[in-house]
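Examining the three-dimensional arrangement
These are the residues of each chain, in order.
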Number of protein chains: 2
Amino acid sequence: MNKRHSKPFLLISNDDGYQAKGINFLVEVLSPVADILVVAPDGPRSGNACKITFDEPVRCRCISSRRGLTVYACSGTPVDCIKLAVSRLLKGRVPDLVIGGINHGDNASINAHYSGTMGVATEGALQGFPSIAFSLCDHSPEADFEPLRPYIVDLMFKAISIGMPPMTCLNVNFPKVSKFKGVKVCRMAHSRWTNEFCQRKDPRTGAPYYWLTGECVSLEEDAQDTDQWALANDFVAVTPTTFDCTAYGLLESFTKIL
Amino acid sequence: MNKRHSKPFLLISNDDGYQAKGINFLVEVLSPVADILVVAPDGPRSGNACKITFDEPVRCRCISSRRGLTVYACSGTPVDCIKLAVSRLLKGRVPDLVIGGINHGDNASINAHYSGTMGVATEGALQGFPSIAFSLCDHSPEADFEPLRPYIVDLMFKAISIGMPPMTCLNVNFPKVSKFKGVKVCRMAHSRWTNEFCQRKDPRTGAPYYWLTGECVSLEEDAQDTDQWALANDFVAVTPTTFDCTAYGLLESFTKIL
């Protein structure tokens, strides 16, 4: 925890935009117990993964500022928000924790790879800060985040006191239920998206166009140690995640072959 | 290899767009020995990571088609290209290998997380196909890809004959030299981007805006088993990469704490 401050200092972003219910619930829950800097996109950036913006300038404006809580809206991606905070807005202050979320929608299993919420936690970790992503398995803009309240505070303090090894973060997903059975530390389930692009016909030209949709199919339904299993059984799924993506188990065999 | 075809069948995309020199060099080198479907973005998508498009329709048009080589240009991201190919364009045909590249620019170390070229290989792997990403450490649109020619063919055939375990791919980076010292199988170096957003002043309003720039600093300069070391020493860097990002080493300790 920052030595000059009695409260922890949090850097928060998301991919649903600074006006989304999820991030505002997060700030409401944490602002009594933490100093907070929000740097979040100025609109929806779902599915932005770790996208960065270097082909156009990024703009940023201060939405509000009071003691212990400052909010910026940024024209860039979730990762841009964290990079901009580190480069320009933190002014040397070191966050005790970087938080992405609370996302409206599931970021478990392979969905972590597409998630802008996980982009926030990825960038936080790559910048060397303990980082955590929170997601609720409910895409509705009016999703009910109230059941998450005690878990958010508890996990925030635990993540700070435990610390995280370099290049790692916690990916936390909450099932859409009113009462959780508890917390499960679990691995990322292997799954696969199918039937993803449906075709429509342009009413003017007759040319086809495509909408991303589809369904996520589990590749290991029987496994009971995965985030998908935890969520399906009403547990909060906490997946320790690494950004050193080296497949260490393959180094020796590929060295012999290549 | 596809049983019904004597040549391997390759699905190719990139993040520099279908007109870039890198992907056209790749196709030129491989089309004599493989059947190829190119589904690539219709313009630059560098830094798109694993971004997916679901807030607007995606369009796709056939640029050219002859025996053994068909090229589509797609309005979406690199990952969209692979998803669209699998959903709509492959028509059940199974690629022997998905290839991203050849990228104009380095995708080693943590840059893999931001790379649209790695987005191609990530999505290929998540769809269950052996996948490989090729990048040359030269951002120039006129980069010289000629030294890569024999390595591309060799690595393509090896990747197919070896196969890849589920959720893994090869991230291959070539240094900008006329002659490589050989191939090193290596791990992803830990590094950090600093000084990333420089500030400019809008000449009309005086408001600040920001450009992404910065420098990538190694966090482990002495290590000799990393992709950054291999590239700095004129070796082709081959990093086996996994998309199961569970930090397995942390599961037990976090289970005790949370």
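Residues numbered from 1 in each chain as written. Chains lettered and ligands numbered in written order. Predicted model: local features only at pLDDT ≥ 70, side-chain atom pairs only at ≥ 80, totals over all residues. Heavy atoms only, no water.

Residue and element names in this part refer to chain A. Throughout the structure, instances matching the rule amount to 24 salt bridges over all chains. Note that lysine 83 is salt-bridged to glutamate 123, the shortest N-O span being 3.0 Å. Placement of the pair is lysine 83 in helix H2 (residues 78-89) and glutamate 123 in helix H3 (residues 116-126), with a sequence separation of 40 residues. Look at lysine 83 and you get buried, because its relative accessible area is 1%. With a relative accessible area of 1%, glutamate 123 lands in the buried category. Across the pair glutamate 220 and arginine 187 runs a salt bridge, and its minimum N-O distance is 2.9 Å. In this pair, glutamate 220 is assigned in the loop between strand S12 (215-218) and helix H5 (227-232) and arginine 187 in the loop between strand S8 (183-185) and strand S9 (191-194), connecting sequence segments 33 residues apart. When salt bridges that share partners are traced, they join Glu28, Glu146 and Arg149 into one network. (Salt bridge = Lys/Arg side-chain N within 4 Å of Asp/Glu carboxyl O. Helix = DSSP H or I, 4+ residues; strand = E, 2+ residues; numbered from the N terminus. Buried < 20%, exposed > 50% of the residue type's maximum accessible area, 1.4 Å probe, protein only.)

A separate point is the nonpolar core. Counting 73 residues, the largest nonpolar core has Leu11, Leu37 and Val39 of chain A together with Leu11 and Val39 of chain B as its most contacted members. Leave out the neighbours within four places in its chain, and leucine 11 of chain B touches Leu37, Val39, Ile82, Ala85, Leu90, Pro95, Leu97, Val98 and Ile99 of chain B. (Core = buried A, V, L, I, M, F, W, Y, C linked by side-chain atoms within 4.5 Å. Contact = heavy atoms within 4.5 Å.)

Here we come to the sheet that holds strand S2 (residues 35-41) of chain B. All names here are of chain B. Reading across the sheet, the nine strands line up as S3-S4-S2-S1-S5-S6-S7-S13-S8 and stay open at both edges, with mixed pairing between neighbours. One side of each edge strand has no neighbouring strand; the edge strands of this open sheet are strand S3 (60-66) and strand S8 (183-185). Geometrically, the sheet is characterised by an average inter-axis angle of 20° between neighbouring strands, direction not taken into account. Running over the sheet, helix H3 (residues 116-126) touches strand S1 (9-13), strand S5 (97-104), strand S6 (131-136), strand S7 (168-174) and strand S13 (236-242) and is turned about 170° from S6. Sitting on the sheet, helix H4 (residues 149-162) is in contact with S1, S5, S6, S7, S8 and S13, with an inclination near 150° to S5. (Pairing = 2+ DSSP bridges. Axes fitted to C-alpha atoms, helices over the stretch in contact; angles between N-to-C directions.)

Working note: non-glycine residues mostly have negative phi, and peptide bonds are mostly trans. Backbone torsion omega between glycine 101 of chain A and isoleucine 102 of chain A reads -5°, so that peptide bond is classified as cis. Looking at the element boundaries, isoleucine 102 of chain A is found in strand S5 (residues 97-104). The phi angle at aspartate 234 of chain A is positive, at roughly 70°, despite the residue not being glycine. Given the relative accessible area of 26%, aspartate 234 of chain A is considered partly exposed. Although it is not a glycine, asparagine 195 of chain B adopts a positive phi angle of roughly 50°. Topologically, asparagine 195 of chain B is positioned in the loop between strand S9 (191-194) and strand S10 (197-201). Residue classification places asparagine 195 of chain B among the exposed positions, given a relative accessible area of 59%.

A rotation about some axis, followed by a shift along it, carries one copy of the chain onto the other. Laying chain A over chain B is done by rotating through 180° and shifting 0.0 Å along the axis; what remains is an RMSD of 0.0 Å. Within this description, the copies of the chain are treated as partners about a two-fold rotation axis. Mapped onto chain B, 100% of the interface residues of chain A are again interface residues, and the two copies thus contact each other with one and the same surface. (Least-squares fit on C-alpha atoms with pLDDT ≥ 70 in both.)

Moving on: the environment of leucine 170 of chain B. In this fold, leucine 170 of chain B is placed in strand S7. With a relative accessible area of 1%, leucine 170 of chain B lands in the buried category. A sequence separation of 139 residues divides leucine 170 of chain B from serine 31 of chain B, and the C-alpha atoms of the two residues are 21 Å apart. Contact partners of leucine 170 of chain B, with chain neighbours within four places excluded, come to Phe254 of chain A together with Ser131, Ile132, Ala133, Met164, Val238, Thr239 and Pro240 of chain B.

In this section: the interface of chain A and chain B. Taken together, the contact between chain A and chain B spans 74 residues of the former and 74 residues of the latter. The junction of chain A with chain B conceals about 6,800 Å² of combined surface from both sides, 68% of it contributed by carbon and sulfur atoms. The tally of links between chain A and chain B comes to four salt bridges. Note that glutamate 196 of chain A is salt-bridged to lysine 83 of chain B, the shortest N-O span being 2.9 Å. Of the residues that constitute the side of chain A that touches chain B, the class distribution is 41 nonpolar, 19 polar and 14 charged. (Buried area = accessible area lost by both parts, 1.4 Å probe. Nonpolar A, V, L, I, M, F, W, Y, C, P; charged D, E, K, R; others polar.)

Once that is clear, we can look at the sheet that holds strand S3 (residues 60-66) of chain A. Strand pairing in a sheet is mediated by backbone hydrogen bonds. Such pairs are either parallel or antiparallel. All names here are of chain A. Strands sit in the order S3-S4-S2-S1-S5-S6-S7-S13-S8 across an open sheet of nine strands; the sheet is mixed. For this open sheet the edge positions go to S3 and S8, each flanked by a neighbour on one side alone. Across this sheet, the average inter-strand angle for adjacent strands is 20°, counted without regard to direction. The sheet contacts of helix H1 (residues 21-30) involve strand S1 (9-13), strand S2 (35-41), strand S4 (69-74), S5 and strand S6 (131-136), and relative to S5 the element is tilted by about 135°. Running at roughly 170° to S6, H3 makes contact with S1, S5, S6, strand S7 (168-174) and strand S13 (236-242) of the sheet.

This brings us to the packing of aromatic side chains. How two aromatic rings sit relative to each other is set out by the distance from centre to centre and by the angle between their planes. All names here are of chain A. Overall, the coordinates contain 13 aromatic pairs over all chains when judged by the stated rule. A ring pair is formed by tyrosine 151 and phenylalanine 180, whose centres lie 5.3 Å apart and whose planes are at 85°; its orientation type is edge-to-face. Within this pair, whereas tyrosine 151 is found in helix H4 (residues 149-162), its partner phenylalanine 180 is found in the loop between S7 and S8, the two being separated by 29 residues in sequence. A residue is classified by how much of its surface remains accessible, and tyrosine 151, at 21% relative accessible area, is partly exposed. Look at tryptophan 229 and phenylalanine 235: their rings are 6.1 Å apart centre to centre, the planes differ by 20°, and that puts the pair in the stacked class. For phenylalanine 235, a relative accessible area of 16% gives the class buried. (Phe/Tyr/Trp six-rings, centres within 6.5 Å; stacked < 30°, edge-to-face > 60°.)

For the rest of this paragraph, the subject is the side chain of serine 13 of chain B. Residues and elements named next belong to chain B. Examined against the element boundaries, serine 13 turns out to sit in strand S1. By relative accessible area, serine 13 is classed as buried at 0%. Apart from residues lying up to four places away in sequence, serine 13 is in contact with Ile23, Val39, Ala40, Pro41, Pro78, Cys81, Ile82, Ile99, Gly100, Gly101 and Val120.

Residues and elements named next belong to chain A. Compared with an ideal rise of 1.5 Å per residue, which puts 14 residues at 20 Å, H4 spans 20 Å between its outermost C-alpha atoms and is within 8% of the ideal. The set of residues buried in H4 consists of Ile152, Leu155, Met156, Ala159 and Ile160. In a view along the axis of H4, the buried residues occupy a sector of 130°, so they form one face of it. Structural note: H4 exposes Pro150 and Ser161 on the side pointing more than 90 degrees away from its buried face. In this structure, the buried residues of H4 make contact with S1, H1, S5, S6 and S7. (Expected span 1.5 Å × (residues − 1). Arc of directions from axis to C-beta.)

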